[in-house]
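# Architecture at a glance
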Amino acid sequence: MKSIGVVGGGQMGSGIAQLAAVHGLHVWLLDSDPTALSRASSSISNSIHRLVSKGHLSQVVGTNALRLLQCTSNLEDLCSADVVIEAIVESEDVKKKLFSELDKLTKRSAILASNTSSISITRLASATTRPSQVIGMHFMNPPPIMKLVEIIRGANTSDETFNATKALAERFGKIVICSQDFSGFIVNRILMPMINEAFFTLYTGVATKEDIDTGMKLGTNHPMGPLELADFIGLDVCLSIMRVLHAGLGDSKYIPCPLLVQYVDAGRLGRKRGVGVYDYSKGKTTERVKTSSRL
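Residues numbered from 1 in each chain as written. Predicted model: local features only at pLDDT ≥ 70, side-chain atom pairs only at ≥ 80, totals over all residues. Heavy atoms only, no water.

## Remarks on the overall build of the protein chain
- Scanning the protein chain from N- to C-terminus turns up 11 helices and eight strands.
- In terms of C-alpha radius of gyration, the protein chain reaches 19 Å, essentially the compact-globule figure of 19 Å for 295 residues.
- When the backbone C-alpha atoms are referred to their principal axes, the protein chain occupies close to 55 × 45 × 35 Å.
- Once local pairs closer than 6 in sequence are excluded, the contacts in the protein chain between residues at least 24 apart make up 66%.
- The distance from the centre of the 32 positive side-chain charges to the centre of the 27 negative ones in the protein chain is 4 Å. (Helix = DSSP H or I, 4+ residues; strand = E, 2+ residues; numbered from the N terminus. Rg over C-alpha atoms; globule rule 2.2 N^0.38 Å. Contact = heavy atoms within 4.5 Å. Lys, Arg positive; Asp, Glu negative; His and termini not counted. Charge placed at Lys NZ, Arg CZ, Asp CG, Glu CD.)

Below, the structure is given as structure tokens:
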């Protein structure tokens, strides 16, 4: 592979684009929102310069990575990419529409990959005429730092597509795990119910948010407590994944906590909005929202 398209200029998409450029691929980073695209470009540039200044990247690699990165709002610019990785909103309908468009304009040999954290790869592939070349490539957040990539084969994903995708992840220096195409895959099948249970623990008044997070950090050696992690991921993303788990697996244990639903309805989506379970509006993660656990 020599070139890659990344669709979505958010934290995941920009992180994947940075990884690809640092590892020598020509990258088109696409977002329909010019503001998001400008923000992504600045974020990648700042991140690469920071890595160079700290000695984690050589000046030559950093300069080359920035040269290889191109930002665009034109989907047709991805027509020559060897692989396109989708990293947009966690909505099956929106993703399927994108995959249908990519299927029409990308070259026939291109692999179409999704960074989805929970949605069926088989169903996404059904929107294309090349289901054998559709695969899940789920990076962890933030992609430049986290070592794991979860690869998910759809019902029709070919061995060639799987091997090429695995090789690409390993080229990025990642450790690969493989999941069957079931709701939530591996990581979120385990992680999201834990986060949801933390919300239930808060909702029912078992403990404060601070004690819940401290208990999991010090009691189980997690680097972040589950509520702090939910804020980092985005409460809307957590809720979307819980709904996919519930719909796909049909078990009542995957019903989203009412408090999680209420926070999302209120626009309290986590760090990206400045407030979630905790208040980040003052730029300090130590600032807490002083509310009842049943808000």
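Moving on, there is more to tell.
## A look at the UniProt feature "binding site: CoA" (unreviewed entry) in the protein chain
- Under the present numbering, the feature "binding site: CoA" (unreviewed entry) in UniProt falls on S47, K54 and S117. Across 71 residues of sequence, these annotated residues are also dispersed in space, with a maximum C-alpha separation of 31.4 Å.
- Within the fold, K54 resides in the loop between α2 (34-53) and α3 (59-68).
- Along the chain, the position of S117 falls in the loop between β5 (111-114) and α5 (121-125).
- Once residues within four sequence positions are removed from consideration, S117 is found in contact with E90, H138, G184, F185, N188 and I241. (UniProt positions renumbered as here; feature names shortened; annotations may be inferred.)

## Regarding the side chain of S179
- As for its placement among the helices and strands, S179 is situated in strand β8 (residues 175-179).
- Among the residues examined, S179 registers a relative accessible area of 9% and is labelled buried.
- If sequence neighbours within four positions are ignored, S179 has contacts with E150, I151, I152, R153, F185 and I186. (Buried < 20%, exposed > 50% of the residue type's maximum accessible area, 1.4 Å probe, protein only.)

## Quick notes on the pairing of β5
- Alternating residues of β5 divide into I111 and A113 and L112 and S114, and every residue in both groups is buried.
- Tracing the backbone out of strand β4 (residues 83-86), into helix α4 (residues 92-105) and back to the parallel element β5 gives a crossover that is right-handed.
- Note: β5 against strand β6 (residues 134-139), three bridges, orientation parallel. If you follow S114 over to β6, its bridge partner there is G136. (Right-handed = clockwise from strand over helix to strand, strands pointing away. Pairing = 2+ DSSP bridges.)

## A look at the UniProt feature "domain: 3-hydroxyacyl-CoA dehydrogenase C-terminal" (unreviewed entry) in the protein chain
- UniProt records the feature "domain: 3-hydroxyacyl-CoA dehydrogenase C-terminal" (unreviewed entry) at residues 184-280, using the numbering of this structure.
- Taken end to end, residues 184-280 has its terminal C-alpha atoms 28 Å apart, with 62% of it in helix and 0% in strand.

## As for the sheet that holds strand β7 (residues 148-153)
- Spatial ordering of the open sheet is given by β3-β2-β1-β4-β5-β6-β7-β8, a layout of eight strands whose pairing is mixed. In this open sheet, the two edge strands, each paired with only one partner strand, are β3 (69-72) and β8. Across the sheet, the mean angle from the axis of one strand to that of its neighbour is 25°, orientation sign disregarded.
- In the sheet, strand β1 (residues 3-7) pairs with β4 via four bridges, with the strands oriented parallel. (Axes fitted to C-alpha atoms, helices over the stretch in contact; angles between N-to-C directions.)

## Things to note about α4
- Relative to the 20 Å expected for 14 residues at 1.5 Å per residue, α4 spans 20 Å between its end C-alpha atoms, a close match to the ideal helical length.
- Within the span of α4, buried status applies to K95, L98, F99, L102 and D103. Projected onto a plane normal to the axis of α4, the buried residues spread over an arc of 140° and lie on a single side. Opposite the buried face of α4, at more than 90 degrees from it, the exposed residues are D93, K97 and K104. (Expected span 1.5 Å × (residues − 1). Arc of directions from axis to C-beta.)

## With respect to the nonpolar core
- Counting residues in each nonpolar core, the largest one holds 35 residues, and the members touching the most others are I4, V27, L29, I85, M137 and F139.
- At seven residues, the largest contribution of residues to this core is made by helix α1 (residues 11-22).
- Among the nonpolar cores identified, the runner-up in size contains 27 residues, and A198, L229, L235 and L245 belong to it. (Core = buried A, V, L, I, M, F, W, Y, C linked by side-chain atoms within 4.5 Å.)

## Let's talk about the packing of aromatic side chains
- Evaluated as defined, the whole model comprises two aromatic pairs.
- Between the aromatic rings of F139 and F172, the centroid separation amounts to 6.4 Å while the plane-to-plane angle is 35°, which identifies the pairing as tilted. Of this pair, F139 sits in strand β6 while F172 sits in the loop between α6 (159-171) and β8, and the two are 33 residues apart along the sequence. Take F139 and F172: they sit in the same class, and that class is buried.
- An angle of 90° between the planes, with centres 6.2 Å apart, marks the rings of F199 and Y263 as edge-to-face. Taken together, the residues F199 in helix α7 (residues 187-203) and Y263 in helix α11 (residues 258-265) connect sequence positions 64 residues apart.
- Lying over the aromatic face of Y263, R268 brings its terminal NZ or CZ to 4.2 Å of the ring centre. (Phe/Tyr/Trp six-rings, centres within 6.5 Å; stacked < 30°, edge-to-face > 60°. Lys NZ or Arg CZ within 6 Å of the ring centre and 35° of its normal.)

## Details of the side chain of T116
- If you trace the backbone, T116 turns up in the loop between β5 and α5.
- Since its relative accessible area comes to 0%, T116 is described here as buried.
- Within the structure, T116 has its side chain in polar contact with the side chain of E90 (distance 2.7 Å).
- Within the structure, T116 has its side chain in polar contact with the backbone nitrogen of I119 (distance 2.9 Å).
- For T116, the residues in contact, after removing those within four places along its chain, are E86, E90, K95, I121, L124, H138 and F185. (Polar contact = N/O pair within 3.5 Å; in protein donor to acceptor, adjacent residues only side chain to side chain.)

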